Amino acid sequence: MIENLPLHSLQLKGLTIEGYSRAAVQSYWRVPELKVGFDLGGSPWSFMGTQTMFVTHSHLDHMAALPVYVARRRMMKMDPPTIYLPEESHHNVRRMLQAWQRLDRGRMLCDLIGVKPGDEIELSREHVVTAFATRHTVPSLGYVIWDRRKKLKPEFQGLSGPEIRDLRLAGTEVSHEVRVPILCYTGDTAPAGFDEYPPVLESEILITELTFFRPEHRKEKIHKFGHTHLDDIIERADRFQNEHIILAHFSTRYHERQIRKAVERRLPEQLRERVHLWL
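Structure report, in brief. (Residues numbered from 1 in each chain as written. Predicted model: local features only at pLDDT ≥ 70, side-chain atom pairs only at ≥ 80, totals over all residues. Heavy atoms only, no water.)

Now for empty space enclosed by the protein. A full pass over the atoms with the stated rule returns two cavities of 30 Å³ or more. Approximately 60 Å³ is the volume found for the largest cavity. Along the wall of the largest cavity there are 13 residues; nearest its centre are Ser-21, Trp-29, Tyr-185, Gly-187 and His-249. Within the residue set of the lining of the largest cavity, elements represented by two or more residues are strand E3 (26-31) and strand E12 (205-209). No other element matches E12, which puts three residues into the lining of the largest cavity. Grouping the constituent residues of the lining of the largest cavity by class yields four nonpolar, seven polar and two charged. (1 Å grid on protein atoms, 1.4 Å probe; cavity = no way out; pocket = protein on both sides within 12 Å on 5 of 7 lines; lining within 4 Å. Points joined across faces, edges and corners; volume = space filled by probe spheres on them. Helix = DSSP H or I, 4+ residues; strand = E, 2+ residues; numbered from the N terminus. Nonpolar A, V, L, I, M, F, W, Y, C, P; charged D, E, K, R; others polar.)

Here it is in structure tokens:
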């Protein structure tokens, strides 16, 4: 395997979280067990086998490698990938791929699908994705992956197998769908992206940004440009129900030691013990 880009990996709750994220550099993630990836600021060779990608927004550090990913899959004779992205970006991204097709003289084959907040995408019988609105300087979305199961309705739980069968044959719906948010990826967002969609802070695993942490970096300006400050995380400490929180997308003006020291010193212990820094 060609190791052409930095890549971190972490095992959480039976899922492998892989990727890299640094503000203004590149962000790219994937979860092999769910057969999905998020953002295409870079395109590691190992990501080529992942056919379904969810792009949060059209900034270069999150989307610059989209044509590379599409072209590599065609070169390797793989099926065209399916790429979901904000509906407002769809037209211009399609035009961009058409321009690359003329420049490269190779067909840019992919299923490019624009989505809007509230849209649901079926991944499998067990998993579905919901797009939700985030707050950034360009149209942007986050994505929640739900585990869903059919369970017997409480009023029928004392019945025998034949009784339940007879109810089904009579046309009675005896089961209902139960959903659990297992993973959320926000991409770049001001804190409103957390506040306006509760499953963000309820997902078992949350992957989100923490671009700034220094006190002299004014939160008002940070929010205006669609990012999150460490103070925003601290202010919401008691609202994070997530079992695991991956903080990433740190500004390049910070050294890793500075980031780790600030987070370890300032985050409340009950939150800090669930946090993983993507450094």
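Let us look at the layout of surface pockets. What the largest pocket holds in volume is close to 200 Å³. Together, 15 residues line the largest pocket, and Ala-23, Ala-24, Asp-61, His-227 and His-249 are the ones closest to its centre. Tallied by class, residues from the lining of the largest pocket come to four nonpolar, eight polar and three charged.

With respect to topology, seven strands assemble into an open sheet ordered E1-E2-E3-E4-E5-E6-E7, the strand pairing being mixed. In the strand order of this sheet, the two ends are held by strand E1 (8-12) and strand E7 (111-115), each with one partner. Averaged over all neighbouring strand pairs, the angle between strand axes comes to 20 degrees, with direction disregarded. Contacts from helix H3 (residues 90-104) reach strand E6 (82-86) and E7 within the one sheet, and its direction differs from that of E7 by about 160 degrees. (Pairing = 2+ DSSP bridges. Axes fitted to C-alpha atoms, helices over the stretch in contact; angles between N-to-C directions. Contact = heavy atoms within 4.5 Å.)

There is a patch of like positive charges on the surface, built from Arg-218, Lys-221, Lys-224 and Arg-253. Residue placement: Lys-224 occurs in helix H6 (residues 219-224). Assessed through its relative accessible area of 65%, Lys-224 is described here as exposed. (Patch = residues over 30% accessible without salt bridge, like charges linked within 9 Å, V, L, I, M, F, W, Y side chains within 5 Å. Areas by Shrake-Rupley, 256 points an atom, 1.4 Å probe, with all protein chains shown as cover. Salt bridge = Lys/Arg side-chain N within 4 Å of Asp/Glu carboxyl O. Lys, Arg positive; Asp, Glu negative; His and termini not counted. Charge placed at Lys NZ, Arg CZ, Asp CG, Glu CD. Buried < 20%, exposed > 50% of the residue type's maximum accessible area, 1.4 Å probe, protein only.)

A full pass over the atoms with the stated rule returns twelve aromatic pairs. Residues Phe-54 and Tyr-143 carry aromatic rings whose centres are separated by 5.0 Å and whose planes lie at 55 degrees to one another, so their mutual orientation is tilted. On the criterion of sequence distance, the pair formed by Phe-54 in strand E5 (residues 52-54) and Tyr-143 in strand E10 (residues 141-152) is long-range, its members being 89 residues apart. Members of the aromatic cluster, each reached through a chain of ring pairs, are Trp-29, Phe-38, Phe-54, Tyr-84, Tyr-143, Tyr-185 and Trp-278. Here the basic side chain of Arg-72 rests over the ring of Trp-45, its NZ or CZ set 4.5 Å away from the ring centre. (Phe/Tyr/Trp six-rings, centres within 6.5 Å; stacked < 30°, edge-to-face > 60°. Lys NZ or Arg CZ within 6 Å of the ring centre and 35° of its normal.)

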